[in-house]
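Single-letter residue listing:
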Amino acid sequence: PFNALNQIHDLNNALVSYAITGSYGFISSAGAIGANFKCDHDISLIIPEVWCRMRNHEKDAKNLIAEEFLEKIEDMEYDGKVVPASILGYRITRKFMNVYFGRVFADPAAIF
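Residues numbered from 1 in each chain as written. Predicted model: local features only at pLDDT ≥ 70, side-chain atom pairs only at ≥ 80, totals over all residues. Heavy atoms only, no water.

1. Here's the deal with the pattern of salt bridges
And step 1. Per the stated rule, a full pass over the model turns up 4 salt bridges.
And step 2. Between Glu49 and Arg53 there is a salt bridge, and its shortest N-O distance comes to 2.7 Å.
And step 3. Residue classification places Arg53 among the partly exposed residues on the basis of a relative accessible area of 39%.
And step 4. Taken together, the shared-partner salt bridges in this structure form one network comprising Arg55, Glu58 and Arg103. (Salt bridge = Lys/Arg side-chain N within 4 Å of Asp/Glu carboxyl O. Buried < 20%, exposed > 50% of the residue type's maximum accessible area, 1.4 Å probe, protein only.)

What follows is the structure, given as structure tokens:
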């Protein structure tokens, strides 16, 4: 939200740096939904705060998946058409929220 660059430039820079360093790529829409819609108050704005409170080993994608902190998004049908939602990859689970959001909120279950 504090960057004047178009979001696609940030995404491209992040993906290139992840590919070069072998890091996992985690993204959040952080206030933007699509190219033409911006939210000033969005749950995704909390994700960077949660992420910075996680230790490096807790951010390991394989571990997050194995421990059921992330779940794969499956394709779905809407109005008779298949929506290729699986291209989004994984999303956080309730377990992730209860464990990691507790580092930001005293009682994350009461908020979400």
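2. Some points on the confidence of the model for the chain
And step 1. Considering every residue of the chain, the mean pLDDT works out to 80; 75% of them sit at 70 or more.
And step 2. Per-element averaging of pLDDT across the chain places strand 1 (residues 32-33) at the bottom with 58 and strand 3 (residues 70-72) at the top with 94. (pLDDT = per-residue confidence, 0-100. Helix = DSSP H or I, 4+ residues; strand = E, 2+ residues; numbered from the N terminus.)

3. Examining unusual backbone geometry
And step 1. With a phi angle near 65°, Glu68 is a residue other than glycine that sits in the positive phi range.
And step 2. Within the secondary structure, Glu68 is located in the loop between helix 3 (61-66) and strand 3.
And step 3. The backbone of Asp79 sits at a positive phi, close to 50°, despite the residue not being glycine.
And step 4. By the secondary structure assignment, Asp79 is in the loop between strand 4 (76-78) and strand 5 (81-83).

4. Re the environment of Met54
And step 1. Note on placement: Met54 falls in the loop between helix 2 (47-52) and helix 3.
And step 2. C-alpha of Met54 to C-alpha of Arg103: the two residues are 49 residues apart in sequence and 8.6 Å apart in space.
And step 3. With residues near it in sequence (within four places) discarded, Met54 still touches Lys59, Leu64, Phe96, Tyr100 and Arg103. (Contact = heavy atoms within 4.5 Å.)

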